[in-house]
Amino acid sequence: MIPKIIELPKIYDKRGNLSFFEHPNQLPFEIKRTYWIYDVPGGETRGSHAFKEQQEYIIALSGSFDVVIHNGKEEQRFSLNRSYYGLYIPKMFWRKLENFSTNSLALIVSDHTYNQDDYIRDFEEFKKLANEK
Ligand code: TYD
């Protein structure tokens, strides 16, 4: 599995549009946790870690930001700026979120509950582990 943009249904409506995701139709995993990142001051970066087991799906519900992914060898940048698609990130990919626009809102769903032990917070350690595989 590699990080990929997953497009969501967009139900156009003159009363306002609607999008959604559910497992297994749009999401490749069952959701155990939802969190969101907001009020990010200009120039700040969030994330900067990898997960040993956890998978996530990230949407820019409002505004825009970039998700920079590293697989241990190379970097890939995804710009998220629509509420009808998001980035799926499998386990064992380093990620950082940056370039947040004013009032941006990042919605993240995960297949794990919060577990500090699942984090890899040291990039050198991540590269070592990723390249062992
Ligand atoms: P952290 O994972 O470092 O944030 P980032 O998304 O920038 O990597 O989490 C910041 C703090 O929030 C940390 O003290 C742990 C706490 N936290 C939870 O308690 N539950 C959660 O689901 C998340 C994502 C974080």
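The structure presented is a predicted model; accordingly, all values stated were derived computationally and were not measured. (Residues numbered from 1 in each chain as written. Predicted model: local features only at pLDDT ≥ 70, side-chain atom pairs only at ≥ 80, totals over all residues. Heavy atoms only, no water.)

A.B. asks: Looking at this structure, how should I read the side chain of His 49?
C.D. replies: Take His 49: it is sitting in strand β5 (residues 46-51). Once residues within four sequence positions are removed from consideration, His 49 is found in contact with Phe 93, Trp 94, Arg 95, Tyr 119, Ile 120 and Arg 121. (Helix = DSSP H or I, 4+ residues; strand = E, 2+ residues; numbered from the N terminus. Contact = heavy atoms within 4.5 Å.)

A.B. asks: Where do I start with the pattern of salt bridges in this structure?
C.D. replies: Here the idea is simple: oppositely charged side chains can pair when their charged atoms come close. Enumeration according to the criterion identifies six salt bridges in this entry. Residue Arg 15 pairs with Asp 13 through a salt bridge whose shortest N-O separation is 2.6 Å. Its salt-bridge partner being Glu 53, residue Lys 91 comes within 3.4 Å of it at the nearest N-O pair. Of this pair, Lys 91 sits in the loop between β9 (85-89) and β10 (94-98) while Glu 53 is found in the loop between β5 and β6 (56-62), placing the two residues 38 residues apart along the sequence. A single salt-bridge network, built from bridges that share partners, covers Asp 66, Arg 77 and Glu 98. (Salt bridge = Lys/Arg side-chain N within 4 Å of Asp/Glu carboxyl O.)

A.B. asks: Hey, could you run me through the nonpolar core in this one?
C.D. replies: Nonpolar side chains in soluble globular proteins tend to end up buried together. Counting residues in each nonpolar core, the largest one holds 17 residues, and the members touching the most others are Phe 65, Val 67, Leu 80 and Leu 97. Breaking this core down by element, the ones donating at least two residues are β6, β7 (65-70), β8 (75-80), β9 and β11 (105-110). Once residues within four sequence positions are removed from consideration, Val 67 is found in contact with Gln 76, Arg 77, Phe 78, Leu 80, Leu 87, Ile 89, Arg 95, Lys 96 and Leu 97. Ile 6, Leu 27, Phe 29 and Tyr 88 belong to the second-largest nonpolar core, a separate cluster that totals eight residues. (Core = buried A, V, L, I, M, F, W, Y, C linked by side-chain atoms within 4.5 Å. Buried < 20%, exposed > 50% of the residue type's maximum accessible area, 1.4 Å probe, protein only.)

A.B. asks: Can you walk me through the packing of aromatic side chains in this structure?
C.D. replies: Between two aromatic rings, the relevant description is the distance of the centres plus the angle of the planes. In this structure the tally under the stated criterion is nine aromatic pairs. Centroid distance Phe 21 to Tyr 57: 5.4 Å. Interplanar angle 80 degrees. Geometry classified as edge-to-face. Taken together, the residues span a long stretch of sequence, with Phe 21 in the loop between β3 (18-19) and β4 (33-37) and Tyr 57 in strand β6 at a distance of 36 residues. We classify Phe 21 as partly exposed; its relative accessible area is 22%. When its relative accessible area of 1% is taken as the criterion, Tyr 57 is described as buried. Between Tyr 114 and Tyr 119, the aromatic rings sit 5.8 Å apart at their centres with planes inclined by 65 degrees, giving edge-to-face as the arrangement. Classification of Tyr 114 as partly exposed rests on a relative accessible area of 47%. (Phe/Tyr/Trp six-rings, centres within 6.5 Å; stacked < 30°, edge-to-face > 60°.)

A.B. asks: Mind showing me how you'd approach the site of the ligand here?
C.D. replies: With respect to spatial proximity, the complete set of residues near the ligand consists of Arg 33, Tyr 35, Ile 37, Arg 46, Gly 47, His 49, Tyr 114, Tyr 119 and Arg 121. One of the backbone nitrogen or oxygen atoms of Gly 47 is found 2.9 Å away from an oxygen atom of the ligand. Between an oxygen atom of the ligand and a side-chain N or O atom of Arg 121, the distance comes to 3.4 Å. For the ligand, the protein covers 59% of the area, taking 530 Å² as the surface of the free molecule. For the shell around the ligand, the secondary-structure elements that each account for two or more residues are β4 and β5. (Near = heavy atom within 4 Å. Polar contact = N/O pair within 3.5 Å; in protein donor to acceptor, adjacent residues only side chain to side chain. Areas by Shrake-Rupley, 256 points an atom, 1.4 Å probe, with all protein chains shown as cover.)

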